[in-house]
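Analysis of the macromolecular model
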Amino acid sequence: MARALTIGATSLLLAASSGIAAASAQTGPAQTAEPPGFASGADVQAQLRQMLAAMKSDQGFMWRPLVRDGATVAAIEIWKKPGRPAVHPAEAEYAIVLEGAGTLVSGGTMADSKASNANLVEGSRIEGGTTRLLGPGDVILIPAGVPHWFGITGDRLVLLGIKLPGAK
């Protein structure tokens, strides 16, 4: 009787494991597919070319999502002219310089603050901030509530930017 139970249990284990192997073989290709929220280097360059072609000659800024995971978006930002100093009260801003050169002024106090919407306060200038030169490969993390401004050196400054909701 014990031998019959052992043989039966072994048979069940073999059947279950072969079923698992078959299921794994069926789902294998799906696991190698690109995950949602992925963009290759070629995708980044293609989107950048499309954005540059779409920008009007007098347009100073363009933003377009590249990848998304729910509410979190990584977007390409093209700056051809400086914007206004800004604060994102409830969002940190993380960015990587993809190309071009510029200046980041962050910290200090923003003068003439005016809320544009719940996620953006703009001003006329930053007083007492820290100035940093920016170039390809530089990484930026601006905490929520910190004033910041991007200046442009040359033709443009291209960033891969991400807002991090709720971060402080």
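Note that this is a predicted model, so its numbers are computed, not measured. (Residues numbered from 1 in each chain as written. Predicted model: local features only at pLDDT ≥ 70, side-chain atom pairs only at ≥ 80, totals over all residues. Heavy atoms only, no water.)

1. Some words on the overall build of the chain
Within the chain, the secondary structure is distributed over two helices and 11 strands. In sequence order, the secondary structure elements of the chain are arranged as α-α-β-β-β-β-β-β-β-β-β-β-β. Looking at the chain as a whole, 31% of its 168 residues qualify as buried. For the chain, restricting intrachain contacts to residue pairs at least 6 apart in sequence, the fraction spanning at least 24 positions comes to 71%. For the chain, the accessible area works out to roughly 10,000 Å², and carbon and sulfur atoms hold 60% of it. (Helix = DSSP H or I, 4+ residues; strand = E, 2+ residues; numbered from the N terminus. Buried < 20%, exposed > 50% of the residue type's maximum accessible area, 1.4 Å probe, protein only. Contact = heavy atoms within 4.5 Å. Areas by Shrake-Rupley, 256 points an atom, 1.4 Å probe, with all protein chains shown as cover.)

2. Quick word on the nonpolar core
Counting 12 residues, the largest nonpolar core is built from Val 44, Leu 48, Met 51, Met 55, Met 62, Val 67, Ala 74, Ile 76, Ile 78, Val 158, Leu 160 and Ile 162. Taken together, the elements giving at least two residues each to this core come down to helix 2 (41-54), strand 1 (61-69), strand 2 (72-79) and strand 11 (148-165). The contacts of Leu 48, once residues within four sequence positions are left out, are Ile 76, Ile 78, Glu 99 and Val 158. One finds Trp 79, Ile 140, Phe 150 and Ile 152 within the second-largest nonpolar core, a separate group that totals 11 residues. (Core = buried A, V, L, I, M, F, W, Y, C linked by side-chain atoms within 4.5 Å.)

3. Regarding the pairing of strand 4 (residues 91-106)
In this sheet, strand 11 lies alongside strand 4 in antiparallel orientation, the contact comprising 15 bridges. Following the sheet pairing, Ser 106 is matched in strand 11 by His 148. Two elements, strand 4 and strand 10 (residues 139-142), share four bridges in a ladder whose sense is antiparallel. Paired with Tyr 94 across the two strands is Leu 141, which belongs to strand 10. Relative to strand 9 (residues 130-134), strand 4 runs antiparallel, the two being bridged by five bridges. The residue bridging Val 105 from the neighbouring strand is Thr 131, located in strand 9. (Pairing = 2+ DSSP bridges.)

4. Re the environment of Pro 89
Tracing the chain through its elements places Pro 89 in the loop between strand 3 (86-87) and strand 4. With 32 residues separating them along the chain, Pro 89 and Val 121 place their C-alpha atoms 7.5 Å apart.

5. So, unusual backbone geometry
In this model, Asp 112 sits at a positive phi of 55 degrees, which is unusual for a non-glycine residue. One can find Asp 112 in the loop between strand 5 (109-111) and strand 6 (114-117). Residue classification places Asp 112 among the exposed residues on the basis of a relative accessible area of 55%.

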